[in-house]
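Fold and contact review
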Amino acid sequence: FIAKPCALHVGIQDIHLHRAQRNAILEKVFLSITKYPDEKRLEGLSKQLDWDVRKIQCWFRRRRNQDKPPTLTKFCESMWRFTFYLCIFCYGIRFLWTSPWFWDTRQCWHSYPYQPLTSGLYYYYIMELAFYWSLMFSQFTDIKRKDFLIMFVHHLATIGLITFSYINNMVRVGTLVMCLHDVSDFLLEAAKLANYAKYQRLCDTLFVVFSAVFVVTRLGIYPFWILNTTLFESWEMIGPYPSWWLFNGLLLILQVLHVIWSYLIARIAFKALIRGKVSKDDRSDVESSSEEEDMTTNTKNPCGSSSSNGAKLVNGHMGGSYWAE
């Protein structure tokens, strides 16, 4: 009701994907053998079906693309996540601004575990936990990317941390971890929205800002502020309690993931600065970022044509000018 009108207003078209022609043999190859057949297999299928090789290539491309959501759908999903991340960050920073442990992390461990659970803390935790559970389930229905396993581990560690810290009443330090992670997420979703709307300069600017904020918060503030209080200040003030090892183990897993993502983000940001535009996301397996690009390729090279210009379009400027979600 909100995101779709906004998408249409910025020029994103409600394009219906062209579905591949029904063919039992090609469908069996696609599902059971490979989605990217080589030349030898293409020639074999061409003889078996009496189809032109180019027509078979076109079928596989359309079959791959029909499982991918159009730009309008991705815009709506990103707008939903942008709205949540922005609202929850504003709520968190407003709540923590008046909390003593935001200014002195040693307050996280004073009188532990007999610390009151206020209504503000409760709602903050419930909203964050519900959102990450939704991400966990939607990951299996979304586009599968190269970092699927990393994201799965991240969601497990995040849900485990939120649940574990709530059960053990470590909610004070938990709010610091959640707020620190939310500060960069809404910037990434904003960059995606600009990308889908084809505001390339705004997209590049937002992504570079996001990259800087991500590196500073995840590789700077997180280890020297969060891990310092959970590893050393807690040990000093309340001793090596039994759950200390598991809690800090989960936090350290997040830190390892931060390092991996920072490397991938730095590569994309570096390419954006050098080339003047954000390039394709290294973690994505999407061969074209929207159905519109595929339609452009099909217009210049209809199925059955032997020209290779379509591949050049995807691999050249047009394919590089988009970066996948």
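Given the structure is predicted, the values throughout are model-derived calculations rather than measurements. (Residues numbered from 1 in each chain as written. Predicted model: local features only at pLDDT ≥ 70, side-chain atom pairs only at ≥ 80, totals over all residues. Heavy atoms only, no water.)

Regarding the overall build of the protein
The number of helices and strands found in the protein is 14 helices and zero strands. When the helices and strands of the protein are read in sequence order from the N terminus, they spell out α-α-α-α-α-α-α-α-α-α-α-α-α-α. Within the protein, buried positions represent 49% of all 325 residues. For the protein, long-range pairs separated by at least 24 residues make up 77% of all intrachain contacts whose partners lie at least 6 apart in sequence. Total accessible area on the protein stands at roughly 16900 Å², and carbon and sulfur atoms take up 64% of it. (Helix = DSSP H or I, 4+ residues; strand = E, 2+ residues; numbered from the N terminus. Buried < 20%, exposed > 50% of the residue type's maximum accessible area, 1.4 Å probe, protein only. Contact = heavy atoms within 4.5 Å. Areas by Shrake-Rupley, 256 points an atom, 1.4 Å probe, with all protein chains shown as cover.)

Re the nonpolar core
Grouped together as the largest cluster of nonpolar side chains are 59 residues, with contacts concentrated most on Phe-207, Tyr-222 and Phe-247. For this core, the secondary-structure elements that each account for two or more residues are α5 (71–97), α6 (100–103), α7 (119–138), α8 (148–167), α9 (171–196), α10 (200–238) and α11 (244–275). Residue contributions to this core peak at 14 residues, all from α9. If you look at the next biggest cluster of nonpolar residues, it comprises eleven residues, including Leu-26, Val-29, Leu-45 and Phe-60. (Core = buried A, V, L, I, M, F, W, Y, C linked by side-chain atoms within 4.5 Å.)

A short note on the pattern of salt bridges
One pass over the structure, following the stated rule, counts four salt bridges. A salt bridge links Arg-106 to Glu-236, with the shortest nitrogen-to-oxygen separation between them at 3.4 Å. Linking Arg-106 in the loop between α6 and α7 with Glu-236 in helix α10, this pair joins segments that are 130 residues apart in sequence. Using a relative accessible area of 57% as the deciding quantity, one classes Glu-236 as exposed. Residue Lys-192 is joined to Glu-189 by a salt bridge in which the shortest nitrogen-to-oxygen separation is 3.5 Å. Placement of both Lys-192 and Glu-189 in helix α9 is noted, with a separation of three residues, approximately one turn of the helix. Classification of Lys-192 as buried rests on a relative accessible area of 5%. Judged by relative accessible area, which is 4%, Glu-189 ranks as buried. The network of salt bridges with common partners includes Arg-81, Glu-189 and Lys-192. (Salt bridge = Lys/Arg side-chain N within 4 Å of Asp/Glu carboxyl O.)

Let's talk about the confidence of the model for the protein
Here the protein averages 79 in pLDDT, while 81% of its residues score no lower than 70. Note on residues 282–325: pLDDT under 50 across the span, and 102 contacts to partners over four residues away in sequence or across chains. (pLDDT = per-residue confidence, 0-100.)

Some thoughts on α7
Compared with an ideal rise of 1.5 Å per residue, which puts 20 residues at 28 Å, α7 spans 29 Å between its outermost C-alpha atoms and is within 8% of the ideal. Among the residues of α7, Gly-120, Leu-121, Tyr-124, Tyr-125, Glu-128, Phe-131, Tyr-132, Leu-135 and Met-136 are the ones counted as buried. The buried residues of α7 occupy an angular sector of 145 degrees when the element is viewed end-on, so they sit on one face. Across from the buried face of α7, at angles greater than 90 degrees, the exposed residues are Ser-119, Tyr-123 and Phe-137. Turning to α7, the residues buried within the fold contact α5, α6, α8 and α9. (Expected span 1.5 Å × (residues − 1). Arc of directions from axis to C-beta.)

Topic: the packing of aromatic side chains
Tallied over the full model, the rule gives 26 aromatic pairs. On the basis of an interplanar angle of 25 degrees and a centroid distance of 6.1 Å, the ring pair of Phe-164 and Phe-247 is categorised as stacked. Of this pair, Phe-164 sits in helix α8 while Phe-247 is found in helix α11, placing the two residues 83 residues apart along the sequence. The pair formed by Phe-164 and Phe-247 is uniform in burial state, with each residue classed as buried. Both rings, one in Trp-235 and one in Trp-244, keep their centres 4.9 Å apart while their planes meet at 75 degrees; by these two values the pair is edge-to-face. The partly exposed category is assigned to Trp-235, whose relative accessible area is 38%. On the accessibility criterion, Trp-244 (9% relative accessible area) is buried. Grouping aromatic residues by their ring pairs yields a cluster made of Trp-80, Phe-84, Tyr-85, Phe-131 and Tyr-132. The ring of Trp-51 is capped by Lys-55, whose NZ or CZ atom sits 4.4 Å from the centre of that ring. (Phe/Tyr/Trp six-rings, centres within 6.5 Å; stacked < 30°, edge-to-face > 60°. Lys NZ or Arg CZ within 6 Å of the ring centre and 35° of its normal.)

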